[in-house]
Amino acid sequence: MDNDNAAARVIKDLRALAAAAEPGTRLPSVRELTARHGASPVTVAQAVRRLVAAGLVDARPGHGTFVARRPGNQENGTQENGTEKEQPDLSWQAVALGPRPAGEDAMHALLALPRPGMIPLSGGYLDENLQPAAALGAALARAARQPAAWQRGPVEGREDLRAWFAREAGGALRADDMVICPGGQAALSTAFRALAGPGEAVLVESPTYLGALAAARAAGLTVIGVPADADGVRPDLLATALGRSGARLFYCQPLYANPHGATLAAARRAAVTEAVRAAGAFLLEDDYARDLAIDGEPPAPLAADDPHGHVVYLRSLTKSAAPGLRVAAIGARGAAGARLRSARVLDDFFVAGPMQQAALEFVTAPAWPRHRRALRAALRVRRDALLAALHRHLPALVPDAVPRGGLHLWVRLPDGLDDVELTVAAAAERVVVFPGRPWYAAEPQAPHLRLTFAAAPPEVLDEGVRRLARAFNALRPSVGRE
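Parameters and conventions
Residues numbered from 1 in each chain as written. Predicted model: local features only at pLDDT ≥ 70, side-chain atom pairs only at ≥ 80, totals over all residues. Heavy atoms only, no water. Helix = DSSP H or I, 4+ residues; strand = E, 2+ residues; numbered from the N terminus. Disulfide = S-S within 2.5 Å. 1 Å grid on protein atoms, 1.4 Å probe; cavity = no way out; pocket = protein on both sides within 12 Å on 5 of 7 lines; lining within 4 Å. Points joined across faces, edges and corners; volume = space filled by probe spheres on them. Buried < 20%, exposed > 50% of the residue type's maximum accessible area, 1.4 Å probe, protein only. Pairing = 2+ DSSP bridges.

Caption draft 1: Highlighting unusual backbone geometry. Residue proline 207 follows serine 206 across a cis peptide bond; omega there is 5°. Tracing the backbone shows proline 207 in the loop between β5 (201-206) and α9 (210-218). Proline 259 follows asparagine 258 through a cis peptide bond whose omega is 20°. On the secondary structure map, proline 259 appears in the loop between β8 (249-252) and α11 (266-278). The backbone of arginine 430 shows a phi angle near 70°, a positive value even though the residue is not glycine. You can see arginine 430 is positioned in the loop between α15 (419-428) and β13 (431-432).

Caption draft 2: Molecular detail of the state of the cysteines. Applying the stated criterion across every chain yields a total of 0 disulfides. Distance from the sulfur of cysteine 181, which forms no disulfide, to the nearest cysteine sulfur (cysteine 252) is 19 Å.

Caption draft 3: Representation of the layout of surface pockets within the structure. Here the largest pocket is characterised by a volume of approximately 1200 Å³. Taken together, 50 residues make up the lining of the largest pocket; nearest its centre are Leu110, Leu111, Ala112, Gly123 and Gly124. The set of elements that each furnish at least two residues to the lining of the largest pocket consists of α3 (41-53), α5 (104-111), α8 (184-195), β10 (311-316), α15, β13 and β14 (434-435). With 6 residues, the single largest contributor to the lining of the largest pocket is α3.

Caption draft 4: Highlighting the pairing of β10. Among the 6 residues in β10, 6 count as buried, and that is most of the element. Neither face of β10 is open: one carries Val311, Tyr313 and Arg315, the other Val312, Leu314 and Ser316, and all of them are buried. Relative to strand β11 (residues 328-331), β10 is paired through 4 bridges, and the arrangement is antiparallel. Note on β11: the bridge partner recorded for tyrosine 313 is glycine 331.

Caption draft 5: Main features of the sheet that holds strand β15 (residues 448-452). Spatial ordering of the open sheet is given by β12-β15-β14, a layout of 3 strands whose pairing is antiparallel. Because the sheet does not close on itself, it has two edges, and the strands there are β12 (408-412) and β14. Sheet topology note: the β12/β15 ladder contains 5 bridges and is antiparallel. The residue bridging valine 411 from the neighbouring strand is leucine 449, located in β15.

Here it is, written out as structure tokens:
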């Protein structure tokens, strides 16, 4: 599908239709716009949300999108004296720029800040009440007062911080194997470019983190999904995919995978690493949720039992601390590690010294284990509150599998209920959710929503699910009730 300037085309089309029609006129559906403009449903839904925010259209759950009432003629493109305003024509840029990278719209939608009055049941970061802002602020203030922190350090990052990340990987890696990065997303982009070449295949779990999908595609890679279930990626299908595709890189989240929350089962760990070893491939282990355990203790990283250097290890502090703590590390042994370190230098030389020093001070101080204990308790309360709210208001969406950690629930929608249409309808009810479709490398097996329990307190989660239920019930008659 050609997504070249897709959002702009949809917005331009809807603006023209709305300008030519009377208030209350029904506009084309998400599916019609998808077919008309060759755009993804996520792109169309994002365009509709922008026009709703601008007051040009109304989204009515279960009924469709309609021309909004306008107070005067200025929104119709006319001035107060009745003459036409000259509208800027930026369409030439589409030709000059060429096709947009696939997945860009979904990433913008995922990272968009909720508007005032909206309840966030989507997002990838901790609610500000769960963030150790005071401890981080104090650590950064102390670091900033030290002149040495502002000087140029090793391009691969501080040795003591790299040593901390190496220990967290389970002991198989050394400080010299690691390189500090400005966040996990930057590390992902580096890994895809350094470990595979444009046009080559990369395997991912299906579904998987859409930021990884976007980064891999931006690197020119062909992304192939390998089905995962409640026990993580299926080793038999992974071995088959490695053999058929010739891929030499497999991206995996073995712990509390985003979005579905599964942890790679103990019985599958050896089979997964053996499939990678037999194919002469690398396994990129994204250990983003190491500090987000809720029930029990998480298993050791796959990198801890990797004698021959097949596992490339990535760990970030952002998810478990605060969005502004853009500090991560990626590491590998041998030539792979050297390529990662070289690629990081080309990207941005090095991570700011004060940020590295503040991160090191934070994770080596008593404040870090205190924060992790408090976070575990708070996430358990919020996860259980979201589950209880689903039982009360939306029992049809209660998930079969409850994640033992992480930030999200992965809920299955009834067959025939479009996840993007429900997302648009939920936005009209002032609750933000995220559709399941963008998390797949290819066609989704079934409609899903990803619901986040870390972005709002329990009482707000309950009201969010209540609003989601209104949108769900308004759409449900069109697909039939169970």
